[in-house]
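Coordinate analysis (summary)
Spelled out from the first residue to the last, the chains are:
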Amino acid sequence: RCYGAAAADDGTNEASASGADASEDAPDTVSIEDPAFAAADAFKRLGKYRQNEIAWKSFADRLMKSELSEMDIWNLKKLVNELAYNVELTWVPFWDKLSRETRPALSSATFEDLMEISTAYVRIRNYTPEVFVALVNKVRREMLVHTLDPEPFSQLLHIFSYAGKQPELQLMATQLFNETQDRLLEDAHEFSAEHCVSIVGSMARFRVVQTAVLQQLGRDRIHPRLEFLPVPTIADLCNSYGELGYRHDTVFRVVTEAVIKERDEILQMRVLGHTDIAPILYRASDLAFVM
């Protein structure tokens, strides 16, 4: 399952000649009935936020003066996705105001809605507490840590591995990671190797070391499938282990030997004059992750 929308091609829209000119094109009022449509229309004329900050701040300011508190969750998701993925708006005052004003919609939203919105906020590196607090409250009220499918479970930890670095969210994120430990120890068999690598990556990003979880996920799910994982995924795993200070010598040895073997084979092929060399699987930087 994929949360959020795909980002638009940077090259599909041209920015206005100047911020001042573009700001004149922005509408004086924004229809609260369909703010996402207004944002999409502005995107066609103004391009991305980084291309035309003055005009976008003018548009966002007008939007902030509308009745944001009346937005339902469907319109809120449309607006957030448009501004986060297409416009890539990173103007903090707007997101702060939007999050405060839409608390009623956030408090009544479903888990899936909150995941979609939170993922969009992480996309633009905005960690306004209201959004993430609403998500954690939903998880706890419905005891979802114990019932979530592997994909949203790993995505939840991914979200808080970023948001949890903020001082006001750190304690909440720490508690969430602690609450997930029992689920991972009891139901590791439900998770694919790819999900487990993602979870280990989230643990590394948030700097939470749960040795029992690392051992079980590695022994039961990741390491038996190691040779079948994509090389970048293996490199990410080694990097995560390194960040956590978790030295799994068997994994590091296997990966190091694979890197060196591939390099030796490529050198031998070149010495023999072969030009049809197979694509390189391991980059030199992958060895740095392992070491």
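Residues numbered from 1 in each chain as written. Predicted model: local features only at pLDDT ≥ 70, side-chain atom pairs only at ≥ 80, totals over all residues. Heavy atoms only, no water.

**Details of the overall build of the protein**
Test applied: Strands are runs of DSSP state E lasting at least two residues, helices are runs of H or I lasting at least four, and both sets are numbered from the N terminus onward. Here a residue-residue contact requires only that any non-hydrogen atoms of the pair lie within 4.5 Å. Values of accessible area rely on a 1.4 Å probe in the Shrake-Rupley scheme; residue burial ignores everything except the protein chains shown.
Across its full length, the protein carries 15 helices and zero strands. Within the protein, counting contacts between residues at least 6 apart in sequence, those at least 24 apart form 74% of the total. Put simply, the protein shows about 14300 Å² of open surface, and 51% of that area lies on carbon and sulfur atoms.

**Regarding the environment of Val131**
Considering the arrangement of structural elements, one finds Val131 in helix α8 (residues 129-141). Distance from Val131 to Ile117, taken between C-alpha atoms, is 7.7 Å for residues 14 residues apart in sequence. In this structure, Val131 is in contact with Ser99, Leu106, Ile117, Ser118 and Tyr121, ignoring residues within four places of it in sequence.

**Here's the deal with unusual backbone geometry**
The phi torsion at Glu88 lies on the positive side, around 60 degrees, for a residue other than glycine. Assignment of secondary structure puts Glu88 in the loop between α4 (73-87) and α5 (92-101). The residue Met143 is not glycine, and still its phi comes out positive at about 50 degrees. Within the element layout of this structure, Met143 appears in the loop between α8 and α9 (150-163).

**A few points about the pattern of salt bridges**
Here is the rule: For this analysis, a salt bridge means a side-chain nitrogen from Lys or Arg found within 4 Å of a carboxyl oxygen belonging to Asp or Glu. Classification of residues uses two cut-offs on accessible area relative to the type maximum, computed with a 1.4 Å probe and protein chains only: under 20% is buried, over 50% is exposed, and between them is partly exposed.
Applying the stated criterion across every chain yields a total of 15 salt bridges. Salt-bridge contacts for Glu130 lead to Arg103; the nearest nitrogen and oxygen are separated by 2.8 Å. In this pair, Glu130 sits in helix α8 while Arg103 sits in helix α6 (residues 103-107), placing the two residues 27 residues apart along the sequence. The class for Glu130 is buried, based on a relative accessible area of 18%. Here Arg103 falls in the partly exposed class, since its relative accessible area comes to 45%. The residue Arg207 makes a salt bridge to Glu243 at a minimum N-O spacing of 2.8 Å. Linking Arg207 in the loop between α11 (193-206) and α12 (211-222) with Glu243 in helix α13 (residues 231-244), this pair joins segments that are 36 residues apart in sequence. You can call Arg207 exposed: its relative accessible area is 52%. One salt-bridge network, held together by shared partners, links Lys48, Arg50, Glu88 and Arg123.

**Some remarks on the packing of aromatic side chains**
The cut-off we apply is this: Put simply, two rings from Phe, Tyr or Trp (the six-membered ring, in Trp's case) pair if the centres are within 6.5 Å, and we call them stacked under 30 degrees between planes, edge-to-face over 60, tilted for the rest.
As enumerated under the stated definition, the model contains nine aromatic pairs in all. Measuring from ring centre to ring centre gives 6.1 Å for Tyr127 and Phe132, while their planes differ by 40 degrees; the resulting arrangement is tilted. Comparing Tyr127 with Phe132 shows no difference in burial state: the two are buried. Taking 5.0 Å as the distance between ring centres and 70 degrees as the angle between the ring planes, the aromatic pair formed by Tyr241 and Tyr246 counts as edge-to-face. Both residues of the pair, Tyr241 and Tyr246, count as buried. An aromatic cluster of at least three residues, connected via ring pairs, comprises Phe94, Trp95, Tyr121, Tyr127, Phe132 and Phe160.

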